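Descriptive analysis of the structure
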Amino acid sequence: ELHDDLRKANAGRSDSPVQQEWLKKQAEPLRQWAVRNGKLIDSQTGLWNASDDRLGGGDEHDVWYDPKTNRVVKLTKPDGWGLQWDLTRYLDYITAANDIFGDDMRIEGVTEINGWPHIIISQPFYRGEMATEAEINGYFAAKGYKPAPIDAYRKGDVTIYDAKPRNVLRLT
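Structure report, in brief. (Residues numbered from 1 in each chain as written. Predicted model: local features only at pLDDT ≥ 70, side-chain atom pairs only at ≥ 80, totals over all residues. Heavy atoms only, no water.)

On to the packing of aromatic side chains, then. Think of a pair of aromatic rings as described by two things: how far the centres are apart, and how the planes are tilted against each other in angle. Scanning the model with the defined rule gives 6 aromatic pairs in all. Between the aromatic rings of Tyr65 and Phe125, the centroid separation amounts to 4.7 Å while the plane-to-plane angle is 55°, which identifies the pairing as tilted. On the criterion of sequence distance, the pair formed by Tyr65 in strand E3 (residues 61–66) and Phe125 in the loop between strand E6 (116–124) and strand E7 (128–130) is long-range, its members being 60 residues apart. Between Tyr93 and Tyr161, the ring centres sit 6.1 Å apart and the planes meet at 45°, which makes this aromatic pair tilted. Remark: Tyr161 occurs in the loop between strand E10 (158–160) and strand E11 (169–171) and Tyr93 occurs in helix H3 (residues 87–101); sequence separation between them is 68 residues. With a relative accessible area of 33%, Tyr93 lands in the partly exposed category. An aromatic cluster is built from Phe101, Tyr139, Phe140, Tyr145 and Tyr153, whose rings are joined through pairwise contacts. (Phe/Tyr/Trp six-rings, centres within 6.5 Å; stacked < 30°, edge-to-face > 60°. Helix = DSSP H or I, 4+ residues; strand = E, 2+ residues; numbered from the N terminus. Buried < 20%, exposed > 50% of the residue type's maximum accessible area, 1.4 Å probe, protein only.)

Attention shifts here to the sheet that holds strand E1 (residues 40–41). Across the sheet, 6 strands lie side by side as E1-E5-E6-E4-E3-E2; this open sheet has mixed pairing. The sheet is open, and its two borders are formed by E1 and strand E2 (54–57), each paired with just one other strand. The sheet contact formed by E1 and strand E5 (residues 106–113) spans 2 bridges and is parallel. Residue pairing across strands places Ile41 opposite Thr111, the latter belonging to E5. (Pairing = 2+ DSSP bridges.)

Moving on, we come to the sheet that holds strand E9 (residues 152–155). An order of E8-E9-E10 is seen for the 3 strands of this open sheet, with the pairing classed as antiparallel. What marks the edges here is a single partner per strand, and that holds for strand E8 (146–148) and E10. The average angle at which neighbouring strand axes cross in this sheet is 35°, direction not considered. Here 3 bridges tie E9 to E10, and the two strands are oriented antiparallel to one another. (Axes fitted to C-alpha atoms, helices over the stretch in contact; angles between N-to-C directions.)

Right, dumping it as structure tokens:
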């Protein structure tokens, strides 16, 4: 349902350099979806207010551990939907990660901080160590993927991005 709303919002997209307008155009269907589905979460009640459980984060998300669910909770950073700049693509990547890797990423909801919607996703917490580049290369090669530029791997029309040691765990 959210994908359909976003595709309608994207119909008039231009390649204008005014990125903020493009992001605002995507933000409204996201907010409407959250309200309609009971997924709009008060920004004062989330884990992001409990710094004790903060694991850190990267360019795309701030990350917390939720001991009640044994899941990692991720809050998108403002203005970029996980650096995709396209909310539909961000959601497609979540779906693809679940399909390709058997992950269990979930959209938990949306919260508004300083007037901007942030997506809250979660995935299982795994204990492990950062994989080495050689281990990552070996994993993808065994699955038939070929290296592509900038920490990516490609097989057919599927490209896996951001496969670098800080994002890939070797389970212990």
